[in-house]
Amino acid sequence: MTTLDIRKTISTKIKEMPDNEVLLLRVLYYVNELANNPFLKQFDLLSKLQDNWDGYGAPKISNTAIDNCMTIVNHLKVSENIEILPTEIGGVQIIYKPNQSERLSCNVGDKELSYYIKKDNKKTYFSPFLECNEHNFNEVANNINNFRNA
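Residues numbered from 1 in each chain as written. Predicted model: local features only at pLDDT ≥ 70, side-chain atom pairs only at ≥ 80, totals over all residues. Heavy atoms only, no water.

Undergrad: Can you break down the overall build of the protein chain residue by residue, with the values?
TA: The helix and strand inventory of the protein chain stands at 5 helices and 5 strands. Reading the helices (α) and strands (β) of the protein chain from amino to carboxyl end gives α-α-α-α-β-β-β-β-β-α. For the protein chain, buried positions account for 34% of its 150 residues. Taking all contacts inside the protein chain whose residues are at least 6 apart in sequence as the whole, residues at least 24 apart take part in 44%. In the structure as shown, the protein chain presents an accessible area of about 9,800 Å², 52% of it carried by carbon and sulfur atoms. (Helix = DSSP H or I, 4+ residues; strand = E, 2+ residues; numbered from the N terminus. Buried < 20%, exposed > 50% of the residue type's maximum accessible area, 1.4 Å probe, protein only. Contact = heavy atoms within 4.5 Å. Areas by Shrake-Rupley, 256 points an atom, 1.4 Å probe, with all protein chains shown as cover.)

Here is the structure:
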């Protein structure tokens, strides 16, 4: 049986299941994805920050921004040289810095994200105010995954 045959069989079986069992399968899949996420502890810490966490009135980090950021990092093939940080406006920042002269920095909010790429200490690409959606999450992840080739 090929992988495609297995997927078709599973898809058929899922269609025959009651909605509550399908929901349970999705939850189990999501939990498995989280368990394999090297950034899980950082996301947990971000979710526990309260209003004024920086002492200057910053709002707590939005759960939607955390979820959006998690979607991006779940697509990453690298986990080294990556920082996940809170922003002063309730979002999350991803910084990929493979060395001193290169970096990709991405600010992720509830509805928008923006990012820039810097190579040889020069900003080489900036993409402001993209909608938070699967296409743009993949774009950021792909830029990190293919950073050396960009």
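What follows continues from the structure just given.
Undergrad: Pulling in residues and values, what's your account of helix α5 (residues 134-145)?
TA: For α5, spanning 12 residues, the distance from its first C-alpha to its last is 16 Å, which sits close to the expected 16 Å at 1.5 Å a residue. Taken residue by residue, α5 has Asn136, Phe137, Val140, Ala141, Asn143, Ile144 and Asn145 as its buried positions. Packed against the buried residues of α5 are α4 (63-74), β1 (82-86), β2 (92-99), β3 (102-108), β4 (112-119) and β5 (122-131). N-capping of α5 is provided by Asn133, with a side-chain oxygen placed 3.1 Å from the backbone N of His135. (Expected span 1.5 Å × (residues − 1). Polar contact = N/O pair within 3.5 Å; in protein donor to acceptor, adjacent residues only side chain to side chain.)

Undergrad: Tell me about the environment of Ile95, residues and numbers included.
TA: Relative to the elements of secondary structure, Ile95 occurs in strand β2. According to the relative accessible area criterion, Ile95 is buried, its value standing at 7%. Residues Ile95 and Glu83, 12 residues apart in the sequence, show an inter-C-alpha distance of 5.1 Å. Those residues within four positions of Ile95 in sequence are excluded, and the remaining contacts are Asn81, Ile82, Glu83, Leu85, Arg103, Leu104 and Ser105.

Undergrad: If you had to explain the packing of aromatic side chains to someone new, which residues and values would you point to?
TA: The final tally for this structure, using the stated rule, is 2 aromatic pairs. A ring pair is formed by Tyr96 and Phe147, whose centres lie 5.4 Å apart and whose planes are at 85°; its orientation type is edge-to-face. With Tyr96 in strand β2 and Phe147 in the segment after α5, this residue pair connects regions lying 51 residues apart in the sequence. Across the pair, Phe147 and Tyr96 agree in class, each one buried. Where Tyr115 meets Tyr125, the ring centres are 5.7 Å apart and the plane angle is 45°; that geometry is what we call tilted. With Tyr115 in strand β4 and Tyr125 in strand β5, this pair connects stretches of sequence that are 10 residues apart. Over the aromatic face of Phe147 sits the side chain of Lys119, whose NZ or CZ is 4.6 Å from the ring centroid. (Phe/Tyr/Trp six-rings, centres within 6.5 Å; stacked < 30°, edge-to-face > 60°. Lys NZ or Arg CZ within 6 Å of the ring centre and 35° of its normal.)

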